[in-house]
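Single-letter residue listing:
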Number of protein chains: 2
Amino acid sequence: MEHVTFPRIGVIGGGQLARMLAPAAEALGVRFSVLAETADAPATQVINEVTVGDYTDYPTLKAFAETVDVITFDHEHVPPEHLQALVEAGHAVRPGPDALIFAQDKIRMRTKMDELGLPNPAWAEITSAADVEAFAARVGYPFILKTPRGGYDGKGVRVIDSLDEAVEWLNEVPQLLAEEKVDFTRELAVMVGRSPMGQTAVWPVVETWQQNGVCKEAIAPAPDLRDEKARAITEAILTVAGTLEVTGVMAMEMFETAEGFLINEFAMRPHNTGHWTQDGAVTSQFEQHLRAVLDLPLGSPAAREDVSVMVNILGADHEDLYQPYLHVMAHDPAVKVHLYGKGVRPGRKVGHVNAYGEDRQLVLARARHAADFIAGVDVDPHPQMPAPENLRAESEPGAR
Amino acid sequence: MEHVTFPRIGVIGGGQLARMLAPAAEALGVRFSVLAETADAPATQVINEVTVGDYTDYPTLKAFAETVDVITFDHEHVPPEHLQALVEAGHAVRPGPDALIFAQDKIRMRTKMDELGLPNPAWAEITSAADVEAFAARVGYPFILKTPRGGYDGKGVRVIDSLDEAVEWLNEVPQLLAEEKVDFTRELAVMVGRSPMGQTAVWPVVETWQQNGVCKEAIAPAPDLRDEKARAITEAILTVAGTLEVTGVMAMEMFETAEGFLINEFAMRPHNTGHWTQDGAVTSQFEQHLRAVLDLPLGSPAAREDVSVMVNILGADHEDLYQPYLHVMAHDPAVKVHLYGKGVRPGRKVGHVNAYGEDRQLVLARARHAADFIAGVDVDPHPQMPAPENLRAESEPGAR
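From a predicted model like this one, the values you see are computed outputs, not experimental measurements. (Residues numbered from 1 in each chain as written. Chains lettered and ligands numbered in written order. Predicted model: local features only at pLDDT ≥ 70, side-chain atom pairs only at ≥ 80, totals over all residues. Heavy atoms only, no water.)

K.L.:
Just to check I follow, could you spell out the side chain of B:His82 for this structure?
P.N.:
Looking at the element boundaries, B:His82 is found in helix 3 (residues 80–88). Look past the residues within four positions of B:His82 in its chain and what remains in contact with it is B:Tyr55, B:Thr56, B:Asp57, B:Tyr58 and B:Leu61. (Helix = DSSP H or I, 4+ residues; strand = E, 2+ residues; numbered from the N terminus. Contact = heavy atoms within 4.5 Å.)

See the structure below:
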């Protein structure tokens, strides 16, 4: 058998992250299969070997694991006990459940960051009205409440203005995580690749902008980030990756404050804030994830360009994402469009645009124009470029 | 149906070119299927929608065409009369048979280049011993004989030293193409993308090096190429693409001579001499081919780097192409490996390595080292880099 020496990677989850791993598998020549939730999930459209099944069902997971050499993930929602059982049955699960639990459970994560001496916002586990009152006495209203598990893209997160609001939610769930509402200057993110042998590679820190809890933009490298802060952030993610023995790529999202930074959350998989690496770094996060989970030497995480920008395409009120290509590609033959094969729903991530160059305002304006035009939001088809002044409304958080 | 607006592209042929089109289809979100010769052809391993069938059988072609919006190609071997029938049946075939015939039939090509006033080597159609004698009288022995149709990678090409040799071959085939043996300084290649609307985009001219009739290396841009020669080459490929109404990407291979250049041959599909564009150009030849056959605005063909190099991985005597990754990736975390999922046979193209940077000798040495180490040819695992002197034996044609 000719391909016998090439390992087989199995991804649990058939979303856009699994989809964007496919080109990296194609280039490396490794076999690649997906356990997808539905037969039309984004990855299933572009991958040869697809199993449709329920990732919460252990026999389904076990049968899938039998067909591959390494298991990895498109999302963090696989039950930890199932992953533990796969490991005990001898399967290579990367990242392993002992690491992944810290991306799955935000209270475990906060506790671990405190142990490691890394910068948390004020936080508390909340299981009673008394806990709420105690936390409010420390930080005041409003503060943030989160479900410790299962949230994403702003789901499972609420801003709490009163005891009653908190208690109302507590009547529905046994446990919540309270966090201070951080007075941040902007949001930052950083990603690392780490292999089982312990090799690590950190990409440049990026500035991100969230719109209604959903990542909308990333700029690499983060503009005007002080070297000492970039070093501290790099050291922090290396500490976390090494201590938790993470395998694969991991993202750390942060709030930048006047004094330094506070950790917001982690993802142990390719991440929206790393999509710029597809066109802007020597090694994309997708190639790096495969190299890392295969325990191959990691690729260079160096940026290829002065400035790289990623802008998400968020669903608007029209469904045809193809027709806008005619204008967008004619308008700017150098933007790189990545679509996910998803149906359009308002606010849903259906793709992203990468752009790169030397002038940050121009690169940003190019990527925003292409992404918004494809989405079909109301956008000037021929904006002034570079924008003569800040394109983002000054009242938005994170305005530049 | 959510994806109804996205066109479906069907590729005839399941080789590495079809395989490397897949990531471009993934990013653009277009549907992509392949008519492959065998169930384990390179593209079938990475593409969701695969039909296995015989491309010389019209009913097979017709049934495949019914499932897609645009037909394109991994190779030039589909019978012209079948393509004509598909066009007459209303299918979009790109490039169309009226253009493709000039890449399929080298005598048609030579005749057309003469008509267009483009630089051919001396050539003649050969159907008799008298033709051989007349051509030998013009250019002397040795000269080149080729089958007008179906040759590739040096197959169907012979160096002829005598009338007897030529007549022996003529006894087997009705028609041959004779060409003078060009005294070239080096080989060059250039590629263009052209869409049905007539938009064109030409990548920089590259220097190529053939080993035993197989492309082994490409350097972009071609070192020390005079501007006026680069302009003449660009004008020539635009003339050909426009006159023949080519759609998709097209490669033109040339011999550089002291005075100028002579056209060697054409391919109307992604081509080995354009693989460097995957990592070295704003738009890869694979993305451009899809944009062109879909009549989307073309992407920028600009080089992203001072120097980009492609070195083919040619099969040697060991079959394990994966184990060498451990050394190659550790040795150089910035080379980009592309494997095709093919079994190893001596001399067979099983993959390539791209590298880029500022110093040509260093970039060349890096790409050669990685490609040769993966192939398993006898190579110093730690060569001096950059090479202190020319790495290629001085006696080889095209030595630099």
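That covers the picture; the talk isn't over yet.
K.L.:
Please explain the confidence of the model for chain A as it appears in this structure.
P.N.:
Regions with low pLDDT should not have their predicted coordinates read in detail. This prediction gives chain A a mean pLDDT of 93; 94% of its residues lie at or above 70. This stretch, residues 387–400 of chain A, has a pLDDT under 50; its non-local contacts, to residues over four places away or in other chains, come to 21 contacts. (pLDDT = per-residue confidence, 0-100.)

K.L.:
Got a minute to help me understand the sheet that holds strand 8 (residues 157–160) of chain A in this structure?
P.N.:
Residue and element names in this part refer to chain A. Strand order across the open sheet formed by four strands is 6-9-7-8, with antiparallel pairing between neighbours. At either margin of the open sheet sits one strand with a lone partner, and together these are strand 6 (123–126) and strand 8. Strand after strand, the sheet turns through a mean of 25° between neighbouring axes, direction not considered. Examined bridge by bridge, strand 6 and strand 9 (residues 176–180) share four bridges and lie antiparallel to one another. Counterpart to Ala-124 in the pairing with strand 9 is Ala-178. Across the sheet, helix 6 (residues 129–139) is in contact with strand 6, strand 7 (143–146) and strand 9; its angle to strand 6 comes to roughly 170°. (Pairing = 2+ DSSP bridges. Axes fitted to C-alpha atoms, helices over the stretch in contact; angles between N-to-C directions.)

K.L.:
Would you take a moment to explain the UniProt feature "binding site: ATP" (unreviewed entry) in chain A for this structure?
P.N.:
All names here are of chain A. UniProt's entry tags Lys-106, Lys-146, Glu-179, Glu-180, Lys-181, Val-182, Glu-187, Asn-264 and Glu-265 with the feature "binding site: ATP" (unreviewed entry), counted in the numbering of this structure. Relative to the helices and strands, Lys-106 resides in helix 5 (residues 106–116). Turning to its location among the elements, Glu-265 is positioned in strand 15 (residues 261–267). Residue Glu-265 is classed as partly exposed on the basis of its relative accessible area, which comes to 22%. Once you skip the residues sitting within four places of it in the chain, Glu-265 turns out to touch Lys-106, Met-109, Lys-146, Ala-251, Met-252 and Glu-253. (UniProt positions renumbered as here; feature names shortened; annotations may be inferred. Buried < 20%, exposed > 50% of the residue type's maximum accessible area, 1.4 Å probe, protein only.)

K.L.:
It is not clear to me how a negative patch on the surface should be interpreted in this structure. Could you clarify?
P.N.:
Residue and element names in this part refer to chain A. Taken together, Asp-161, Asp-164, Glu-165, Glu-168 and Glu-172 make up a surface patch of like negative charges. When you line up the elements, Asp-161 lands in the loop between strand 8 and helix 7 (163–170). A residue is classified by how much of its surface remains accessible, and Asp-161, at 45% relative accessible area, is partly exposed. (Patch = residues over 30% accessible without salt bridge, like charges linked within 9 Å, V, L, I, M, F, W, Y side chains within 5 Å. Areas by Shrake-Rupley, 256 points an atom, 1.4 Å probe, with all protein chains shown as cover. Salt bridge = Lys/Arg side-chain N within 4 Å of Asp/Glu carboxyl O. Lys, Arg positive; Asp, Glu negative; His and termini not counted. Charge placed at Lys NZ, Arg CZ, Asp CG, Glu CD.)

K.L.:
Even after reading the chapter, I still don't get the relation of the copies chain A and chain B, so can you show me in this structure?
P.N.:
Taken together, a rotation about one axis and a shift along it account for how the two chain copies relate. For the pair chain A and chain B, the superposition axis carries a translation of 0.0 Å, the fit reaches an RMSD of 0.0 Å, and the rotation angle comes to 180°. Read as a symmetry element, the transformation amounts to a two-fold axis. Closest approach to the rotation axis among the C-alpha atoms of chain A is made by A:Asn48, whose C-alpha sits 2.2 Å away. Interface residue correspondence from chain A to chain B reaches 100%, placing this contact among same-surface, isologous pairings. (Least-squares fit on C-alpha atoms with pLDDT ≥ 70 in both.)

K.L.:
Would you explain the pairing of strand 7 (residues 143–146) of chain B in this entry?
P.N.:
The two faces of the sheet receive side chains in turn, since in a regular strand these alternate between them. Residue and element names in this part refer to chain B. Alternating positions in strand 7 separate into two faces, Phe-143 and Leu-145 on one and Ile-144 and Lys-146 on the other, with burial throughout. As judged from the four bridges shared by strand 7 and strand 8 (residues 157–160), these two strands associate in the antiparallel manner. Residue Phe-143 lies in a different strand from strand 8, and its bridge partner there is Ile-160. By the bridge criterion, four bridges tie strand 7 to strand 9 (residues 176–180) in an arrangement that is antiparallel. Following the sheet pairing, Leu-145 is matched in strand 9 by Ala-178.

K.L.:
I would appreciate a short explanation of the packing of aromatic side chains in the present structure.
P.N.:
Two descriptors summarise a pair of aromatic rings, namely the distance from one centre to the other and the angle between the planes of the rings. Scanning the model with the defined rule gives 12 aromatic pairs over all chains in all. Each ring, one from A:Tyr322 and one from A:Tyr325, has its centre 5.2 Å from the other, and the planes form 55°; the classification is tilted. Ring geometry for B:Phe184 versus B:Phe255: centroids 5.1 Å apart, planes at 20°, classification stacked. Within this pair, whereas B:Phe184 is found in the loop between strand 9 and strand 10 (186–194), its partner B:Phe255 is found in strand 14 (residues 248–256), the two being separated by 71 residues in sequence. Accessibility expressed as a relative area gives 28% for B:Phe184, which makes it partly exposed. (Phe/Tyr/Trp six-rings, centres within 6.5 Å; stacked < 30°, edge-to-face > 60°.)

K.L.:
Looking at this model, I keep getting lost on the interface of chain A and chain B. Mind explaining?
P.N.:
Often, the extent of an interface is quoted as the loss of accessible area on bringing the components together. Taken together, the contact pairs 54 residues of chain A with 54 residues of chain B. A combined buried area of about 4,500 Å² lies between chain A and chain B, and 52% of that area is made up of carbon and sulfur atoms. When the buried area of chain A at its contact with chain B is split by residue, A:Glu26, A:Arg304 and A:Tyr322 rank highest and sum to 17% of it. The tally of links between chain A and chain B comes to six salt bridges. Here B:Lys336 ties to A:Glu287 by a salt bridge, and the two come within 2.8 Å at their closest N and O atoms. At the junction of chain A with chain B, the criterion picks out 24 residue pairs in polar contact (both at pLDDT 80 or more). Counting only elements with at least two residues in the side of chain A that touches chain B, the list comes to helix 1 (16–28), helix 9 (277–280), helix 10 (285–293), helix 11 (325–331) and strand 17 (336–339) of chain A. The element contributing the most residues to the side of chain A that touches chain B is helix 1 of chain A, with seven residues. (Buried area = accessible area lost by both parts, 1.4 Å probe. Polar contact = N/O pair within 3.5 Å; in protein donor to acceptor, adjacent residues only side chain to side chain.)

K.L.:
I tried to follow helix 4 (residues 97–104) of chain B on my own but got confused; where do I start?
P.N.:
Since the α-helix advances by 3.6 residues per turn, residues separated by three or four positions end up pointing in the same direction. By the criterion of burial, helix 4 of chain B is predominantly enclosed, with seven of the eight residues buried. For helix 4 of chain B, the elements touching its buried residues are strand 4 (70–73), helix 3, strand 5 (92–93), helix 5 (106–116), helix 8 (227–244) and strand 15 (261–267) of chain B.

K.L.:
For this particular structure, what's the right way to read the environment of A:Glu358?
P.N.:
Residue and element names in this part refer to chain A. In this fold, Glu-358 is placed in the loop between strand 18 (349–357) and helix 12 (360–375). For the pair Glu-358 and Val-307, spaced 51 residues apart in the sequence, the C-alpha separation amounts to 5.8 Å. If we ignore the near neighbours within four places in the chain, the residues touching Glu-358 are Asp-306, Val-307 and Val-363.

K.L.:
Just checking my understanding: could you explain helix 12 (residues 360–375) of chain B for this structure?
P.N.:
Residue and element names in this part refer to chain B. Along its 16 residues, helix 12 runs 22 Å from first to last C-alpha, staying within 8% of the 22 Å computed at 1.5 Å per residue. In this fold, the buried residues of helix 12 make contact with strand 13 (214–220), strand 16 (307–314), helix 11 (325–331), strand 17 (336–339) and strand 18 (349–357). Structurally, the start of helix 12 carries an N-cap: the backbone nitrogen of Gln-361 is 3.0 Å from a side-chain oxygen of Asp-359. Positive backbone phi, at 90°, marks Gly-376, one or two positions downstream of helix 12. (Expected span 1.5 Å × (residues − 1).)

K.L.:
Before we go on, may I ask you to explain empty space enclosed by the protein in this structure?
P.N.:
The probe, sized like a water molecule, is rolled over the atoms to show the empty space still left. Tallying each qualifying case throughout the model produces seven cavities of 30 Å³ or more. Space inside the largest cavity adds up to approximately 870 Å³. Around the largest cavity, the lining is made up of 41 residues, and of these A:Pro23, A:Gln278, A:Asp279, B:Pro23 and B:Gln278 lie nearest the centre. If you list the elements that add at least two residues to the lining of the largest cavity, you get helix 1, helix 9, helix 10 and strand 17 of chain A together with helix 1 (16–28), helix 9 (277–280), helix 10 (285–293) and strand 17 of chain B. Tallied by class, the residues present in the lining of the largest cavity amount to 20 nonpolar, 11 polar and 10 charged. The calculated volume of the second largest cavity comes to roughly 150 Å³. Contributing elements (two or more residues each) for the lining of the second largest cavity: helix 1 of chain A together with helix 1 and strand 2 (31–36) of chain B. Its residues assigned to classes, the lining of the second largest cavity shows 10 nonpolar, three polar and four charged. (1 Å grid on protein atoms, 1.4 Å probe; cavity = no way out; pocket = protein on both sides within 12 Å on 5 of 7 lines; lining within 4 Å. Points joined across faces, edges and corners; volume = space filled by probe spheres on them. Nonpolar A, V, L, I, M, F, W, Y, C, P; charged D, E, K, R; others polar.)

K.L.:
Got a minute to help me understand the environment of B:Ala99 in this structure?
P.N.:
Residues and elements named next belong to chain B. Examined against the element boundaries, Ala-99 turns out to sit in helix 4. Exposure remark for Ala-99: the relative accessible area of 3% places this residue in the buried category. Distance from Ala-99 to Glu-66, taken between C-alpha atoms, is 22 Å for residues 33 residues apart in sequence. Not counting residues up to four positions away in its chain, the partners in contact with Ala-99 are Leu-244, Glu-245, Val-246 and Met-268.

K.L.:
Whenever I open this one, the environment of A:Lys112 confuses me. Can you help?
P.N.:
Residues and elements named next belong to chain A. Its location among the elements puts Lys-112 in helix 5. Overall, the relative accessible area of 17% leaves Lys-112 in the buried class. Ignoring anything within four residues of it in the chain, the contact list for Lys-112 reads Phe-102 and Leu-244.

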